[in-house]
Amino acid sequence: GPSAFVTGWPIKHSRSPLIHGHWLKCYGLSGGYEKVATEPDAFVNFITHLNQSGFIGGNVTLPHKETTFQCADVSTPTAERLKAANTVWLQNGQLHADNTDGYGFLANLDQTLPGWDTTDRLHRPCLILGAGGASRAIVDALSNRGFSKIVLANRTLARAETLLDEIAPTGTAISLNDTQKMLGEAGVIVNTTSMGMDGNGLPILMDGIYPKALVTDIVYTPLTTPFLRAAAAQNIETVDGLGMLLHQAVPGFERWFGVRPKVGSELRQLIVNDLKRPQT
């Protein structure tokens, strides 16, 4: 059967093979999905010679997403806007590229809290913490969903300003230190910083948060980050970040194996169990 890959540097801890392996088994499909570690120096050669590798496509993770976009023959409008790709496939000998991170982010919220994008929230500022790669995809997705008041908070203001110039020119950049005064207004608050990973630190305090806000974190180790726990303690609606990882995998699987997979509780549990395993 057809074979797909996930590549990055490092790639050891990727859970993509677990996700795609589960679906292959689930739908009784013959096919494979494997990890390929590719050093930055070797990456262009790998991605531009895919048609000789036996792979039909795959996922690309750090630090190769920008290079993948640059090497692609055909890119989706999303990948064009983000200038980065995480999903590739071969079609008529050409390398096609997409970026499904923003799709995964929204699909997670749509599935976990249907109707989360209320009129009230759409008309309020949408506060995003952090201006890294994932943040670009999330700002783009929220803008396209109709959140017109994007506020991007980052330690380095210039980085937030550059991101908005490229992705959401009507957005506002603020320093991470100035987020507290936005809290009473923001309808949706997203943490994309690594703060709170492995239980360390809080990007912002939850004092004075708007009671009908939705708080979500893209960090999923731990599943309930200090950020989400602080919000839940104020009876604020929260969504964890694991669903984004699961949903961003859907479009690629459909491209390679011809079936659109469902993100169900079994798959989620499989990954939750793996997160509990000691890292070697």
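Residues numbered from 1 in each chain as written. Predicted model: local features only at pLDDT ≥ 70, side-chain atom pairs only at ≥ 80, totals over all residues. Heavy atoms only, no water.

A. Local environment of the overall build of the protein. The secondary structure content of the protein amounts to 12 helices and 12 strands. The C-alpha radius of gyration computed for the protein amounts to 19 Å, which stays within 12% of the reference 19 Å derived for 280 residues, consistent with globular compactness. Counting across all 280 residues of the protein, residues that qualify as buried make up 52%. Excluding contacts between residues fewer than 6 apart, the proportion of contacts in the protein whose partners are at least 24 apart in sequence is 67%. Carbon and sulfur atoms form 51% of the exposed surface of the protein, whose accessible area is close to 12800 Å². Mean positive and mean negative side-chain charge positions of the protein (23 and 25 charges, respectively) differ by 5 Å. (Helix = DSSP H or I, 4+ residues; strand = E, 2+ residues; numbered from the N terminus. Rg over C-alpha atoms; globule rule 2.2 N^0.38 Å. Buried < 20%, exposed > 50% of the residue type's maximum accessible area, 1.4 Å probe, protein only. Contact = heavy atoms within 4.5 Å. Areas by Shrake-Rupley, 256 points an atom, 1.4 Å probe, with all protein chains shown as cover. Lys, Arg positive; Asp, Glu negative; His and termini not counted. Charge placed at Lys NZ, Arg CZ, Asp CG, Glu CD.)

B. View of the pattern of salt bridges. Per the stated rule, a full pass over the model turns up 12 salt bridges. For D117, the salt bridge goes to R145, with nearest N and O atoms at 2.8 Å. Of the two residues, D117 is situated in the loop between α5 (101-112) and α6 (119-122) and R145 in helix α7 (residues 133-145); the sequence distance between them amounts to 28 residues. With a relative accessible area of 28%, R145 lands in the partly exposed category. We note a salt bridge from R124 to D120, for which the minimum N-O separation is 3.1 Å. For R124, a relative accessible area of 22% gives the class partly exposed. (Salt bridge = Lys/Arg side-chain N within 4 Å of Asp/Glu carboxyl O.)

C. A look at the sheet that holds strand β12 (residues 237-239). The strand order across the open sheet built from 6 strands is β9-β8-β7-β10-β11-β12, with neighbouring strands paired in parallel fashion. Of all the strands in the sheet, the pair left with one neighbour each is β9 (172-175) and β12. Along the sheet, successive strands turn relative to each other by an average axial angle of 20°, direction set aside. Bridge analysis of strand β7 (residues 126-129) against strand β10 (residues 188-191) gives 4 bridges, and the strand direction is parallel. Bridging from a neighbouring strand, C126 pairs with V188 of β10. The strands touched by helix α9 (residues 226-233) are β7, β10, β11 (214-217) and β12; relative to β11, the strand with the most contacts, the crossing angle is about 165°. (Pairing = 2+ DSSP bridges. Axes fitted to C-alpha atoms, helices over the stretch in contact; angles between N-to-C directions.)

D. Representation of the layout of surface pockets. Reported here for the second largest pocket is a volume of approximately 180 Å³. Lining the second largest pocket are 12 residues, and of these K12, H13, R15, D274 and Q279 sit closest to its centre. (1 Å grid on protein atoms, 1.4 Å probe; cavity = no way out; pocket = protein on both sides within 12 Å on 5 of 7 lines; lining within 4 Å. Points joined across faces, edges and corners; volume = space filled by probe spheres on them.)

E. The arrangement of unusual backbone geometry in detail. Following W9, the chain continues to P10 via a peptide bond in cis, the omega torsion being 0°. The linkage connecting L62 with the following residue, P63, adopts the cis geometry, with an omega of 0°. In this structure, P63 sits in the loop between β3 (55-60) and α3 (65-71). Positioned with a positive phi, K83 is a non-glycine residue whose angle comes to about 55°. When you line up the elements, K83 lands in the loop between α4 (77-82) and β5 (87-91).

F. Inspection of the environment of P17 at higher detail. Structurally, the position occupied by P17 is in helix α1 (residues 16-26). Separated by 16 residues in the primary sequence, P17 and Y33 have C-alpha atoms spaced 5.9 Å apart.

G. Structural context of the environment of T78. Within the secondary structure, T78 sits in helix α4. Separated by 69 residues in sequence, T78 and W9 place their C-alpha atoms 24 Å apart. Excluding anything up to four places from it in sequence, T78 contacts D98, N99 and D140.

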